[in-house]
Amino acid sequence: MAQPQPVSLTDLDLNQLGDIKKQFEEELNHLTNSFAQLKQAQAKFKACVENVAEIKAQNQGTLFKLNNFFIGKTILVPLTNSLYVPGKLSDPEHVLVDVGTGYFIQKTRPQATKHYQAKVEYIRTNLETLEDTIQKKRDNMNAVVNVIQVKLQEQTRNTTKA
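Thresholds, definitions, all that
- Residues numbered from 1 in each chain as written.
- Predicted model: local features only at pLDDT ≥ 70, side-chain atom pairs only at ≥ 80, totals over all residues.
- Heavy atoms only, no water.
- Helix = DSSP H or I, 4+ residues; strand = E, 2+ residues; numbered from the N terminus.
- Buried < 20%, exposed > 50% of the residue type's maximum accessible area, 1.4 Å probe, protein only.
- Contact = heavy atoms within 4.5 Å.
- Areas by Shrake-Rupley, 256 points an atom, 1.4 Å probe, with all protein chains shown as cover.
- Pairing = 2+ DSSP bridges.
- UniProt positions renumbered as here; feature names shortened; annotations may be inferred.
- Expected span 1.5 Å × (residues − 1).
- Polar contact = N/O pair within 3.5 Å; in protein donor to acceptor, adjacent residues only side chain to side chain.
- Salt bridge = Lys/Arg side-chain N within 4 Å of Asp/Glu carboxyl O.
- 1 Å grid on protein atoms, 1.4 Å probe; cavity = no way out; pocket = protein on both sides within 12 Å on 5 of 7 lines; lining within 4 Å.
- Points joined across faces, edges and corners; volume = space filled by probe spheres on them.
- Nonpolar A, V, L, I, M, F, W, Y, C, P; charged D, E, K, R; others polar.
- Patch = residues over 30% accessible without salt bridge, like charges linked within 9 Å, V, L, I, M, F, W, Y side chains within 5 Å.

(A) Examining the overall build of the chain more closely. When helices and strands are counted, the chain shows two helices and six strands. In the chain, the succession of helices and strands from N to C terminus is α-β-β-β-β-β-β-α. Of all 162 residues assigned to the chain, the portion counted as buried reaches 20%. Residue pairs in contact within the chain that sit at least 24 positions apart in sequence constitute 55% of those at least 6 positions apart. When the accessible surface of the chain is split by element, carbon and sulfur atoms take 54% of a total near 12300 Å².

Encoded structure:
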């Protein structure tokens, strides 16, 4: 299979350059949206690390066993972003970690912290890669815009000479 041959931007006409610019704009828009979504996910995982750190043995309160249930300090359990119900923290040393697609795994607090820190780090490396890609696309688009401007100036000079 033959390799595609590189084409100089100066060899393209204004319509082709406009199409390339439009394609770069669409790609940049998509990449920028992806970057924002990754930043949101990273913030969510950072919040999880902070939340796990807030669960401490003293938050358990004075526990006593009643009919095989531990009764402790009341906490608010979120059902939605704006709806909470009172709950009891029966085991502050273990948490349920959402590992995706509706699956939860019970982990100790240190294991959960490690899990979420690994997620934050993974997203950080992806953000760096994506940021480099966005910068390269911007540079490419700027090159196309510069060629378009030069061609328009040449076209304007040629029409004023005629």
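The rest of the description comes next.
(B) Geometry of the pairing of strand E3 (residues 74-78). By the bridge criterion, five bridges tie E3 to strand E4 (residues 84-88) in an arrangement that is antiparallel. Counted as the bridge partner of Leu76 is Pro86 from E4. Taking the residues between adjacent antiparallel strands as the criterion, E3 and E4 are bridged by five residues.

(C) Quick look at the UniProt feature "coiled-coil region" (unreviewed entry) in the chain. UniProt's entry tags residues 14-58 and 120-147 with the feature "coiled-coil region" (unreviewed entry), counted in the numbering of this structure. Span residues 120-147 is 100% helix and 0% strand, its end C-alpha atoms 40 Å apart.

(D) Examining helix H1 (residues 14-54) more closely. Spanning 41 residues, H1 covers 59 Å between terminal C-alpha atoms, matching the ideal 60 Å at 1.5 Å per step. Of the positions making up H1, those classed as buried are Leu17, Phe24, Leu28, Leu31, Gln42, Phe45, Cys48, Val49 and Val52. Buried residues along H1 sit against helix H2 (109-161). Measuring from the side-chain oxygen of the N-cap residue of H1 to the backbone nitrogen of Asn15 gives 3.1 Å; that N-cap residue is Asp13.

(E) Main features of the pattern of salt bridges. A complete count under the given rule lists five salt bridges for this structure. For the salt bridge of Glu25 with Lys21, the shortest nitrogen-to-oxygen distance reads 3.3 Å. Within this pair, Glu25 and its partner Lys21 are both found in helix H1, separated by four residues, close to a single helical turn. When its relative accessible area of 37% is taken as the criterion, Glu25 is described as partly exposed. For the salt bridge of Arg109 with Glu93, the shortest nitrogen-to-oxygen distance reads 3.0 Å. Of this pair, Arg109 sits in helix H2 while Glu93 sits in the loop between E4 and strand E5 (94-100), and the two are 16 residues apart along the sequence.

(F) Spatial organisation of the layout of surface pockets. Of the pockets and cavities examined, the largest pocket occupies roughly 900 Å³. Taken together, the residues that form the lining of the largest pocket break down as 13 nonpolar, five polar and four charged.

(G) Structural view of a nonpolar patch on the surface. Together, Val99, Tyr103 and Ile105 give the surface a local cluster of nonpolar side chains, amounting to about 290 Å² of exposed area. Examined against the element boundaries, Val99 turns out to sit in strand E5.

(H) Expanded view of unusual backbone geometry. Phi at Thr101 is positive, roughly 45°, even though this residue is not glycine. Take Thr101: it is sitting in the loop between E5 and strand E6 (103-108). Its relative accessible area of 76% is what places Thr101 among the exposed residues.

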